[in-house]
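Spelled out from the first residue to the last, the chains are:
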Amino acid sequence: MKDGMLQGTRIIKPSDSHYPKLLQKRLGVVAPAQLYAMGNPDILKRRLLGLICSIKCPGSIILNTFDTIRALRDAGVTMVGGFLSPMEGDCLDILLRGKEPIILCPARRLTGLRLGNEARKAINEDRLLVLSPFADDIRHTTAAQAVKRNNLVAALADALFVPYAAPEGKTWTTVHTALKRNQPVYTFDVEDNAALLAAGVKSIEQHMEKILSHSEVE
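None of the values given here were measured: they were computed from a predicted structure. (Residues numbered from 1 in each chain as written. Predicted model: local features only at pLDDT ≥ 70, side-chain atom pairs only at ≥ 80, totals over all residues. Heavy atoms only, no water.)

A few points about the overall build of the protein
And then number 1: A count of helical and extended segments in the protein gives eight helices and nine strands.
And then number 2: Against the globule reference of 17 Å for 218 residues, the protein gives a C-alpha radius of gyration of 16 Å, in line with a compact fold.
And then number 3: On the principal axes, the C-alpha backbone points of the protein span a range of 45 × 35 × 30 Å.
And then number 4: Among the 218 residues that make up the protein, the fraction classed as buried is 53%.
And then number 5: If you take every contact in the protein between residues at least 6 apart in sequence, the share linking residues at least 24 apart comes to 70%.
And then number 6: As displayed, the protein offers around 10300 Å² of accessible surface, 51% of which is attributable to carbon and sulfur atoms. (Helix = DSSP H or I, 4+ residues; strand = E, 2+ residues; numbered from the N terminus. Rg over C-alpha atoms; globule rule 2.2 N^0.38 Å. Buried < 20%, exposed > 50% of the residue type's maximum accessible area, 1.4 Å probe, protein only. Contact = heavy atoms within 4.5 Å. Areas by Shrake-Rupley, 256 points an atom, 1.4 Å probe, with all protein chains shown as cover.)

And the structure:
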């Protein structure tokens with residue numbers, strides 16, 4: 001895809017029926033003044049499971065994550081994430097091979113954003129929404145923007161799936177914010193996630209059946 005404004009980009013303002021009211025409720029004064037979107041905005045009205053994860057995580061967690069993402073995809077769970085890290089990018093590839101809607105939140109403007117063939121196909125099939133809170137002057141991804149993007153993903157989601165969060169890292173901060181507002185957050189019950197579990201994050205293994213049946217994404 002050539003650089004430039006993506007075809008079909010629209011602005012979603014708080015007065016728009018597609019603007020998620022959860023954002024204002026959860027983010028308050030830091031809720032985006034407007035959102036930039038390409039694709040099917042009706043996906044915003046679905047129940048969403050958010051995916052956020054630290055860039056570096058143990059190999060065993062990566063393999064478990066891929067298996068879990070396949071199960072979520074096949075069960076028809078609609079997911080929202082930034083899908084920026086290599087692992088998250090692989091998760092997006094898995095999701096794009098399914099049929100369920102997806103929301104992709106880049107940590108930069110939509111102008112000049114490059115999408116692969118499968119993502120463009122999903123947009124044409126009305127099952128992918130690319131959504132950003134960043135205006136056209138935000139050309140590149142920074143650490144601060146990644147945090148803001150992760151906070152957006154968490155605020156949009158009914159529940160969060162966090163395969164791994166490095167202690168005291170950026171993902172960790174987003175997780176704790178979600179826990180403080182009583183959002184369900186899930187991770188793998190493994191030693192590497194002991195700190196997350198101690199903080200109140202739930203074992204995804206114990207709740208997977210309910211998540212796959214959508215009853216825990218609420």
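With respect to the packing of helix 2 (residues 59–74) against helix 8 (residues 204–212)
And then number 1: Two elements in contact, helix 2 and helix 8, have axes separated by 10 Å at closest approach and are oriented at 20°. For the element pair helix 2 / helix 8, the angle class is roughly parallel. Where helix 2 crosses over helix 8, the two elements pack in a sense that is right-handed. In contact with T68, A71 and L72 of helix 2, helix 8 contributes I204, M208, I211 and L212.
And then number 2: A per-class count over the contact of helix 2 with helix 8 returns six nonpolar, one polar and no charged. (Axes fitted to C-alpha atoms, helices over the stretch in contact; angles between N-to-C directions. Parallel < 35°, antiparallel > 145°, perpendicular 65-115°, else oblique. Left-handed = near helix turned anticlockwise from the far one by under 90°. Nonpolar A, V, L, I, M, F, W, Y, C, P; charged D, E, K, R; others polar.)

Some words on helix 8
Given 3.6 residues per turn, any residue in an α-helix points the same way as the ones three and four places further on.
And then number 1: Where helix 8 is concerned, the buried positions are I204, H207, M208 and I211. One face of helix 8 carries all of its buried residues, which in axial projection span an arc of 145°. Helix 8 presents Q206 and E209 as exposed residues on the side facing more than 90 degrees away from its buried surface.
And then number 2: Its buried side turned inward, helix 8 meets strand 3 (49–51), helix 2, strand 7 (159–161), strand 8 (185–187) and strand 9 (202–203). (Arc of directions from axis to C-beta.)

So far we have only geometry, and geometry alone does not tell us how the molecule works.
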